[in-house]
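Residue-level structure breakdown
The residues making up each chain are set out below.
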Amino acid sequence: MTSRQYTTFEVADQLFGVDVAKVVEVLRFSEYTRVPLADKSVGGLINLRGQVMAAVDLGVRLGLEPRDMSKPSMNVIVSENDEPISLLVDKIGDVVELQDDTFEPPPDTLAGPLRELIIGAFKLDSRLMLALDAKRAVDSASKATTR
């Protein structure tokens, strides 16, 4: 039986997970450079040890209101196509190892932008974890910063 590890985090009290192989690091960051005319999902740019990357407000990508960027946010730095992008989230969780046979397709109750970014779900002991498609979230963010 195969298993996979996920880095978990929360946005609006919903638990999400992204394949740990896509995660570069997680950190708290508070200095963002605003990007004029960028999509509202782009919270700003961050300079992480000399590497500039977009910080995408995952809440906006999920259809929620933009977060207050004047407060420190948790960042999940993911890499897609060798491009690091920060996903702004509310809270960082644990790394969990889940069996592939417990994976289920996205629930029928998911709709809108949430459904587009979710590849499936895992039932954990006390709650549901939605598996985020980091590529879709990052692809959308890349397009938003190059408009």
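Everything below is about the structure shown above.
None of these values were measured; they are calculated from a predicted model.

Scoring rules and cut-offs
- Residues numbered from 1 in each chain as written.
- Predicted model: local features only at pLDDT ≥ 70, side-chain atom pairs only at ≥ 80, totals over all residues.
- Heavy atoms only, no water.
- Helix = DSSP H or I, 4+ residues; strand = E, 2+ residues; numbered from the N terminus.
- Rg over C-alpha atoms; globule rule 2.2 N^0.38 Å.
- Buried < 20%, exposed > 50% of the residue type's maximum accessible area, 1.4 Å probe, protein only.
- Contact = heavy atoms within 4.5 Å.
- Lys, Arg positive; Asp, Glu negative; His and termini not counted.
- Charge placed at Lys NZ, Arg CZ, Asp CG, Glu CD.
- Pairing = 2+ DSSP bridges.
- Axes fitted to C-alpha atoms, helices over the stretch in contact; angles between N-to-C directions.
- Core = buried A, V, L, I, M, F, W, Y, C linked by side-chain atoms within 4.5 Å.

Quick look at the overall build of the protein now. The number of helices and strands found in the protein is three helices and eleven strands. Its helices and strands in sequence order give the protein the pattern β-β-β-β-β-α-β-β-β-β-α-β-β-α, from N to C terminus. Compactness check: the protein gives a C-alpha radius of gyration of 15 Å against a globular reference of 15 Å for 147 residues, within 12% of the reference. In terms of overall dimensions, the protein has C-alpha extents of about 45 × 30 × 25 Å along its principal axes. Taken over 147 residues, the protein has a buried fraction of 43%. When contacts within the protein are restricted to residue pairs at least 6 apart in sequence, long-range pairs at least 24 apart make up 54% of them. Of note, the protein has its 17 positive side-chain charges centred 5 Å away from the centre of its 23 negative side-chain charges.

Let us look at the sheet that holds strand E7 (residues 83-89). A sheet is described by the order of its strands in space; here five strands give the open sequence E3-E6-E7-E5-E4, paired in mixed fashion. Unpaired on one side and paired on the other, strand E3 (23-29) and strand E4 (42-48) mark the two borders of the sheet. In this sheet, neighbouring strand axes are inclined to one another by 30° on average, regardless of whether the strands run parallel or antiparallel. Summarising the sheet, strand E6 (residues 73-80) and E7 pair through seven bridges and their orientation is antiparallel. Paired with Ile 77 across the strands is Ser 86, a residue of E7.

Looking now at the nonpolar core. Ranked by internal contacts, the top residues of the largest apolar core, which has 24 residues, are Phe 9, Phe 16 and Val 76. For this core, the secondary structure elements donating two or more residues are strand E1 (3-11), strand E2 (14-19), E6, E7, helix H2 (112-117), strand E10 (118-123), strand E11 (128-132) and helix H3 (134-145). What Val 76 contacts, discounting residues up to four positions off in sequence, is Phe 9, Val 18, Val 23, Glu 25, Val 26, Ile 85, Ser 86, Leu 87, Val 89 and Ile 92.

A few words on the pairing of E11. For E11, the tally of buried residues reaches four of five residues, placing the bulk of the element in the interior. Counting the residues that bridge the hairpin from E10 to E11 gives four residues.

A separate point is the pairing of E1. Where E1 lies against strand E8 (residues 91-99), seven bridges are found, and the strand directions are antiparallel. Along E8, the bridge assignment pairs Phe 9 with Ile 92. Where E1 meets E2, six bridges bridge the pair, whose relative direction is antiparallel. Looking at the pairing, Val 11 lines up with Gln 14 of E2.

The backbone of Ala 12 shows a phi angle near 55°, a positive value even though the residue is not glycine. Relative to the elements of secondary structure, Ala 12 occurs in the loop between E1 and E2. Phi is positive for Asp 13, close to 65°, though the residue is something other than glycine. With relative accessibility at 66%, the residue Asp 13 sits in the exposed group.

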